[in-house]
Structure formats: structure tokens, C-alpha cells
Amino acid sequence: MPDRAAILKFITESYEPAGKREIAKHFKLRGAEKIALKALLKDMADEGLIDSAPGRAFHKMGGLPKVTVLKIIEVNGRELIGVPDNWQAEGVPAPKVRISERGRSGALAVGDRVLARTEEAGGGHRAFVMKKLQRAGEQLLGVVQRDEGSGKLWLKPVDKRIRRLVPISDPGKAEVGQLVMAEQSGLRDRVSAKVTEVLGEPFAPRSFSMIAIHKFGIPMEFAAEAITEAELASKLPLTTEAREDLRHLPIVAIDPVDARDHDDAIWAAPDDDPTNPGGFKAIVAIADVSYYVRPGGAIDRSARKRGNSVYFPDRVVPMLPEVLSADMCSLKAGQDRAAMACHLVIDAHGKLKDWRFTRALVRLAANIAYEDAQAAIDGTKPHDLTDTALKPLWACWKLLYKARGAREPLDLDLPERRIVLDEAGRIVSVATRERLDAHRLVEDFMIAANVAAAKALEGKKAPVVYRVHEPPSREKLVALKDYLETFEIAFALGQVVRPSTFNAILARVTDETVKPMVMEQVLRSQTQAYYGPRNMGHFGLSLGSYGHFTSPIRRYADLLLHRALVDAYKLEQPAPKSDLPPATGLSEQDAASLDRICQLISSYERRAMEAERETVDRYVAAFLATRIGEVHKVRITGVQNFGFFATIEEFGGDGLVPVSTLGAERFWYDEKAQTLTGETTGEQYAVGQRLELRLVEADPITGAIKFELPEGGNFMREPYRGRNDGKPKRPPIKRRGRPGNIRHQSR
């Protein structure tokens, strides 16, 4: 039997499409060897090494089939550039292919689809057109509407970036008001939509998350194979064989009152070791997901395609089947559960002195809501575990908090919106989550465990999936410097930038009307965190080594880290008496492909964040739709040349104030200062500024919100008269909002 490398070499070098038959013929395989080849090719596909093209021919993942469909995206003189019409190499960008036409040139245009033969050339790909194909329509998600005048049906896209309605050529079985998936076809002013799938009532309770799920292609259903495997895994025995028994300790989980899963729990006690005076011992117990989800299995494959759980106000789309995520892998009080235990030794200064990892058996003493834990510590609400569990945790946390202050991580006070629904799924309220010491306590224990996991694997020369947050780029720092100059705040570009640098900037801003503006720009200057196998540090937390260990129920990155710890600490479990393979660590294929896997799960994390944010926007818009005409206190979050964006401070919800509604005068846009200023009156609007606006539109379908000034749009202010001393008449810059906040700025 050929190995993976030999098969990959043949597929890559073959001049013809290489299917199972061609591979078997090339390696002279017969009988049982062909059956083994079929299984090996399936494994290679699951591992992301190969992919199959139409006709069941194989090609290297990230490469191109020998014959494939290309879509032309660029025409540059006689040269055509195309991309694969159906690119499914997850985490790998689609290659751009140079296309050669046969016969008369100029017959193909942007958007055309061709069947082409491909070959590698000069480090890239070249394709030769075999046949021009019919254009394929693009899928569009929207709501069916009827024009009352003409009676024609139109599609209103749910994407607020698409501001035009699309005429419906074929509604199928769709009715007015229904959410549908449609195929868009045609060119320019002749575009039309054909309904391909009816998704239901968009305003029905719990429907807004379904819009995001369909729009972003988030997998909802688990394959029957994964469900069967999960049911089988949930029946695995839990014994103290090869597990540390921690059931005697009062370990507790502190979570939101509406938590859907419980994957972490904590315990602490004063350290009785005389070499660590004033220190503590602590345990962070995390659900042992790697015991139930085996590498390469059906659950593992489906979890990797999801990357993470996605949390909406009305539902959760779990990474794992619910029999695991909501039951056997959820740490519930009074029930024996498998856990990966991170044992920490913390000194009197809050620094990690030592750590070790074990597979354990735990039985939680309680699941406690943040508010109840805080009330117990504050003495406003009694709890049976206040003295035995909560007070030791708080005492240990005070040390961790001291160490956190010493390293000075980035300190941005960013509120989180919480959508409250009734039992029928209707919106009751939109509020900002209260930030308690209980939240900070759990956060700091989780950070300590994440640091310990990364350092433990580094110490054992094992692979690590790092959570990377790089320092801001020079371009973003230059933009921040320019912005700070408008407030006469100095910011030197030559210095070594640390999180404390930004904290110092915020500390120097004493004007509470200005501070939100500066905080907003500091946030915008930061880079986006991602997963990677190379340690680039975590800038925001001011940590040199950091991984995600504490949520393997909902993040695939954490599951990979657990598997690496299983290998590093030799925590393999004996093979159970079931059809499941042994609970091993990181597979060789995954260890060799961590870079690609990290790119994949990072992209899925961004997908989940966008879907969650858009869904919250839709819920907020639905909530505000009953408040049209009301005046709200808002804060400006973004300024562009076409207007500015503002958020209602009480509820959240980002809305636009078009510049055309700011009055009958010209406004000039200062990109450096992020301001719009009236040329006649000197009225100015800047990021972070607080003011009052009237709500004039809230669309639950798109999540779009629109405001105007309380006086209404297009009113005329009294012009600024200037001075009569022969000097240029430049109006003073007056910020709308709180009085006295006036500054001058040159153009």
C-alpha cells in the first residue's frame, strides 16, 4: 500500500485527473488493497490533505483539479484572470489563475464561467478554456415585498450594505413577508431574483438568529454518524483508573445566570507549604472533552467544520452534539464528571510559581450565578459555600489581581449588551451587563490556567495553539498619533509601545466628555487576535505566552490544546470497551498541520462574531422599532464623509446620521481628527462625543438604524459672523453636547 506522501505525489504530478481507479491502477492494487485505499483516501480528505473534484477525481487540498470550473474576475487587455467557482479548501485562499482563450479573444468577460484544463506554471496556475458555461446566479437572502402600485414582487436583502430592492422573476411558493433564499441573475439594471428556498416568517420569535445562520453558512445539523458517536461516547465509564479523584473538594462553577453550558470550575485554598508563605493552591477544572471526542472521529470532523459554538440571544449553535455539550461535558453540581485539572501554585505576589495537569474526576459542590456569588461575598445574600469555597477563592483572586495590576494589561471598559427575551422569544429589554468582581475573579483564574497550559507545553517542547494578539501596526499608531494631536495629547512613535502606554494616555484624559472618544480610538488601533502555532505573545493581556485551555466545549482551539497536554503529560486513557478508539492526544497529522488548522478556526471565530453581532443588531432594531420618534442619549462611534454613526447608550444599537440631515450648510470632513464640521456654523461632530438624537428608522430585517438631530433634518442654523479685523474668518469649533467643550483647530 502506498503511504500518504506517495499518493499526494502521484495526484500532484499526474497529467490526467486522478480518481480512485487511476490511483489503484498506478500502484497495482487489487482486492482488499482497493478497499484499504478507499478508507485511506477518505482519511486524507478528512485530514484536509486532498479534496475531490466533480467526477470523483482527487487533487491536493489548496491546489486545483486538472479540470475545473473557473469564474473570470478580471480582464486586463488580452489576459484573463479567474478563480475557482467552487473553492472549498477551508483556510486556504482561492488561487488566481491566468486563463488562455481559444480562438477569437475578447469573447469572455468578467463574471463568465468556463470549464478549463489547469496546470501549474511558474509558481502559479495557468488554465486553458475548454468550454464557456452559463452564468450561475448568486444567492441572496431577503424578504419578499409587494409594490402596492404595480403589484410586482420585490426582494429586500437582509444585508444592510445592499440598499436596493431586487425584482423577483420567480417567487415559487414564497408569500409576501416571508424570508427566502433567492438566486440572483442578470446584469446591471436587468438583475432579477428567483426564489430557491422559503425560510419562514422573519419577524417570528427566534427568527433573527436564523437569518444570520443562513447568511453566514453556519452548520446547524450534525450528521447521523456524529450523533451516533456522541451517544456512544456519552456512555463511556467514569472511574478513578488513570484519573485523580477530586470529588472531596468544594469545587464550584461561577457562570452567568443564563449560561447554556458549564465547562469550567474553580477551587482555592491557602498553601500549607512553608516555602510559599502567604501563597495559595488552586485548581481550574475544565470539562475533559478530549476523553469524549477522539481525533479524526465523526464528532471531531464536525467540530472542526464549526470551529466554535455560536451564541445568539435566542439559541446556541453548539460545536458539539448536545448530549455532550449540554450534558456529559457540562460540569453540573452533584454529578460525577470527567475533567482536565490545572493545578496551580500561586505566591503571595499573585505570580504562578508552579503548575501541573492531570485527568480528574470531579463532583461540583454548586453551580453559582455571578450575582449570587458576589452577593454572598458582599454579605447581602447568604450561601452555604461562602466560607468553604467562595472566601478562599476571593482571597486567592486578590493576589492574582495584584499581579494583573503589576503587568498592566490594556484596560478598556467596554460594555456588553444583553438581550432579554420572554418564553415566547419576544424582546423584553436590552441592557448592559453589570461588571462585578465575580466576573473579574473567574476571568483571572481562567487567564492563569491559560498561561500555565502554554508554558507547560513549551517546557515539554510540545506543539502549542497560541492565542496571539500582536502589537498595533505602525500605520494604526500613526493614525492614533494624528488623532491625539487634535486633543493636544503627545504620543511618541519611537517608543516601545506596551499596553501601559495606552493606559497612561487614558489616565491623562480627565475630561469625561473626551475620554470615551480617546478610548474608542485606542480600541480601533488594536489588532485582531487569532490562533497560531508560533508564539507572538498576547499584547492586550501583557503576557508572553498564552493559549486557550478553558473552553473546549465551545472552542476547537482549546480541544487541540487539551490533546497536546494529554501527550505532554502522558494522560492517555485505557481503551474503553466500546467501538470508540482510545482517548489519545494530538494526531500526527494535526501536529503537522497546526498552521492551516489555526487559520481555519480563526476564520470561523470571525464568522461567529459577525453573525452574533448582526443578530444582536437585529434584536435591538426590533426593540427600537416601537420607539420611532423618541429622543435618545447617544455616543458617536464613527465619523465618515457621508455622516456619522452613533450608539444609544442605554440600549446599544448603532445608527447612521447622514450628513444631508445635519442642516442646510456644507460640512467638511477631517479624517485625521475624525470630525465633521459645519462650514457656516462651526458645529462639530467627533468620535466619542455624547449628544441627543431622534430615532427616525429601525429596520429589524437588516438591523439598520437611522437618527436625525432633535430639531429635525435640513434646518437652518444662524451662521457664524466671524470677526472684522482683516484676518481669515475661521469659525470656532463647537461640539454639540455638553457646554463648555470648545476647542480650535486649523485645517
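Thresholds, definitions, all that
- Residues numbered from 1 in each chain as written.
- Predicted model: local features only at pLDDT ≥ 70, side-chain atom pairs only at ≥ 80, totals over all residues.
- Heavy atoms only, no water.
- Helix = DSSP H or I, 4+ residues; strand = E, 2+ residues; numbered from the N terminus.
- Contact = heavy atoms within 4.5 Å.
- Areas by Shrake-Rupley, 256 points an atom, 1.4 Å probe, with all protein chains shown as cover.
- Salt bridge = Lys/Arg side-chain N within 4 Å of Asp/Glu carboxyl O.
- Buried < 20%, exposed > 50% of the residue type's maximum accessible area, 1.4 Å probe, protein only.
- Phe/Tyr/Trp six-rings, centres within 6.5 Å; stacked < 30°, edge-to-face > 60°.
- Lys NZ or Arg CZ within 6 Å of the ring centre and 35° of its normal.
- Axes fitted to C-alpha atoms, helices over the stretch in contact; angles between N-to-C directions.
- Parallel < 35°, antiparallel > 145°, perpendicular 65-115°, else oblique.
- Left-handed = near helix turned anticlockwise from the far one by under 90°.
- Nonpolar A, V, L, I, M, F, W, Y, C, P; charged D, E, K, R; others polar.
- Core = buried A, V, L, I, M, F, W, Y, C linked by side-chain atoms within 4.5 Å.
- Pairing = 2+ DSSP bridges.
- Patch = residues over 30% accessible without salt bridge, like charges linked within 9 Å, V, L, I, M, F, W, Y side chains within 5 Å.
- Lys, Arg positive; Asp, Glu negative; His and termini not counted.
- Charge placed at Lys NZ, Arg CZ, Asp CG, Glu CD.
- Polar contact = N/O pair within 3.5 Å; in protein donor to acceptor, adjacent residues only side chain to side chain.
- pLDDT = per-residue confidence, 0-100.

Across its full length, the chain holds 17 helices and 35 strands. A fraction of 66% describes how many contacts in the chain between residues 6 or more apart in sequence connect residues 24 or more apart. Carbon and sulfur atoms form 50% of the exposed surface of the chain, whose accessible area is close to 36000 Å².

Next up on the list: the pattern of salt bridges. A complete count under the given rule lists 32 salt bridges for this structure. Note that Asp-288 is salt-bridged to Arg-359, the shortest N-O span being 2.8 Å. Placement of the pair is Asp-288 in the loop between strand S16 (280-287) and helix H6 (289-292) and Arg-359 in strand S20 (residues 352-363), with a sequence separation of 71 residues. Judged by its relative accessible area of 2%, Arg-359 falls in the buried class. The salt bridge involving Glu-485 is made with Lys-481; its shortest N-O contact spans 2.6 Å. Of this pair, Glu-485 and Lys-481 both sit in helix H12 (residues 474-485), 4 residues apart, roughly one helical turn. Residue classification places Glu-485 among the partly exposed residues on the basis of a relative accessible area of 36%. Beyond isolated ion pairs, a larger network of salt bridges with shared partners links Asp-159, Lys-215, Glu-614 and Arg-618.

For the rest of this paragraph, the subject is the packing of aromatic side chains. One pass over the structure, following the stated rule, counts 11 aromatic pairs. Measuring from centroid to centroid gives 6.1 Å for Phe-642 and Phe-645, while their planes differ by 85 degrees, and the two rings are edge-to-face. Residue Phe-645 is classed as partly exposed on the basis of its relative accessible area of 29%. It is Arg-243 that lies over the ring of Tyr-291; its NZ or CZ is 4.7 Å from the centre. The aromatic ring of Phe-222 is capped on one face by Arg-306, whose charged end is 3.9 Å from the ring centroid.

Here we take up helix H9 (residues 370-378). Because the α-helix completes a turn every 3.6 residues, residues three or four places apart line up on one side. What H9 keeps buried is the set Tyr-370, Ala-373, Gln-374, Ala-375 and Ala-376. Those residues of H9 that are buried lie in contact with strand S14 (252-255), strand S21 (366-369), helix H10 (386-407) and helix H11 (437-459). The first or second residue beyond H9 is Gly-379, which carries a positive phi of 80 degrees.

On to the packing of helix H13 (residues 499-508) against helix H14 (residues 515-524), then. Following both chains from N to C, one finds H13 and H14 inclined at 165 degrees, their axes separated by 9 Å at the closest point. Judged by the angle between their axes, H13 and H14 are roughly antiparallel. Like other packed secondary-structure pairs, H13 and H14 cross with a definite hand, here right-handed. Two secondary-structure elements touch here, H13 through Phe-502, Ile-505 and Leu-506 and H14 through Lys-515, Val-518, Met-519 and Val-522. In the contact of H13 with H14, the residues fall into 6 nonpolar, no polar and 1 charged.

Further remarks concern the nonpolar core. Formed by 58 residues in total, the largest nonpolar core has its most connected members in Phe-502, Leu-624, Phe-644, Leu-693 and Phe-707. Among the elements that line this core, the one with the most residues is helix H17 (residues 594-624), at 6 residues. The contacts of Leu-624, once residues within four sequence positions are left out, are Ile-648, Phe-651, Gly-652, Leu-695, Ala-698 and Ile-705. Counting residues in each nonpolar core, the second largest holds 51 residues, with Ile-254, Leu-400, Ala-448 and Ala-453 among its members.

With that settled, consider the environment of Phe-487. For Phe-487, the location among the structural elements is in the loop between H12 and H13. Taking the C-alpha atoms as reference points, Phe-487 and Val-514, 27 residues apart in sequence, are found 8.7 Å from one another.

The subject of this paragraph is unusual backbone geometry. Most peptide bonds adopt trans geometry, and most residues besides glycine take a negative phi value. Of note in the backbone geometry, Lys-461 takes a positive phi value of approximately 55 degrees without being a glycine. The residue Lys-461 is located in the loop between H11 and strand S24 (466-468) in this model. A positive phi angle, near 60 degrees, is found at Ser-542, a position not held by glycine. For Ser-542, the position within the fold is in the loop between strand S25 (530-532) and helix H15 (556-568).

This brings us to H14. Of all 10 residues making up H14, 7 are buried, and the element is well covered by its neighbours. Taken as a whole, H14 has its buried residues at Pro-516, Met-517, Val-518, Met-519, Glu-520, Gln-521 and Val-522.

Counting buried positions along strand S26 (residues 631-640) yields 7 of 10 residues, so the element is predominantly enclosed. Inspection of the sheet shows S26 paired to strand S32 (residues 690-699) by 5 bridges, in the antiparallel sense. If you follow His-632 over to S32, its bridge partner there is Leu-693. Relative to strand S27 (residues 643-648), S26 is paired through 6 bridges, and the arrangement is antiparallel. Paired with Ile-636 across the two strands is Ala-646, which belongs to S27.

On to the packing of H12 against H14, then. One can describe the packing of H12 onto H14 by two numbers: an axis separation of 9 Å at closest approach and a directional angle of 170 degrees. By the angle between their axes, H12 is roughly antiparallel relative to H14. For H12 against H14, the interelement crossing comes out right-handed. Of the residues in H14, those in contact with Lys-476, Leu-480, Tyr-483 and Leu-484 of H12 are Met-517, Val-518, Gln-521, Val-522 and Arg-524. In terms of residue class, the contact of H12 with H14 is made up of 6 nonpolar, 1 polar and 2 charged.

A separate point is a positive patch on the surface. Together, Lys-20, Arg-21, Arg-30, Lys-34 and Lys-38 line one region of the surface with positive charge. Of all elements in the fold, only helix H2 (20-26) and helix H3 (32-46) reach the threshold of two or more residues within the positive patch. Tracing the backbone shows Arg-30 in the loop between H2 and H3.

Its place among the elements puts Leu-695 in strand S32. By relative accessible area, which is 1% here, Leu-695 ends up buried. Once the C-alpha coordinates of Leu-695 and Val-657 are considered, the two residues, 38 residues apart in sequence, prove to be 9.8 Å apart. Excluding residues that lie within four positions of it along the chain, Leu-695 makes contacts with Leu-624, Arg-627, Ile-628, Gly-629, Glu-630, His-632, Ile-705, Lys-706 and Phe-707.

It is worth spelling out the side chain of Asp-263 at this point. By the secondary structure assignment, Asp-263 is in the loop between S14 and strand S15 (264-270). Put simply, Asp-263 is tucked away with no salt bridge, and the nearest opposite charge, on Arg-554, sits 4.3 Å away. Looking at Asp-263, its side chain comes within polar contact range of the side chain of Ser-551, at 3.4 Å. Contact partners of Asp-263, with chain neighbours within four places excluded, come to Ala-285, Ile-286, Ala-287, Leu-331, Thr-550, Ser-551, Pro-552, Ile-553 and Arg-554.

Residue position: Asp-411 is located in the loop between H10 and strand S22 (417-421). Residue Asp-411 is classed as exposed on the basis of its relative accessible area, which comes to 55%. On a C-alpha basis, the gap between Asp-411 and Leu-506 in space is 9.1 Å, while along the polypeptide they are 95 residues apart.

A few words on the confidence of the model for the chain. Regions with low pLDDT carry predicted coordinates that are not meant to be interpreted in detail. A residue-level look at the chain finds 86% of positions with pLDDT of 70 or above and a mean pLDDT of 84. Of all helices and strands in the chain, the one with the weakest mean pLDDT is strand S35 (residues 742-743) (30), whereas S16 scores best (98). Counted against residues more than four places away or in other chains, residues 719-747, with its pLDDT under 50, gives 62 contacts.

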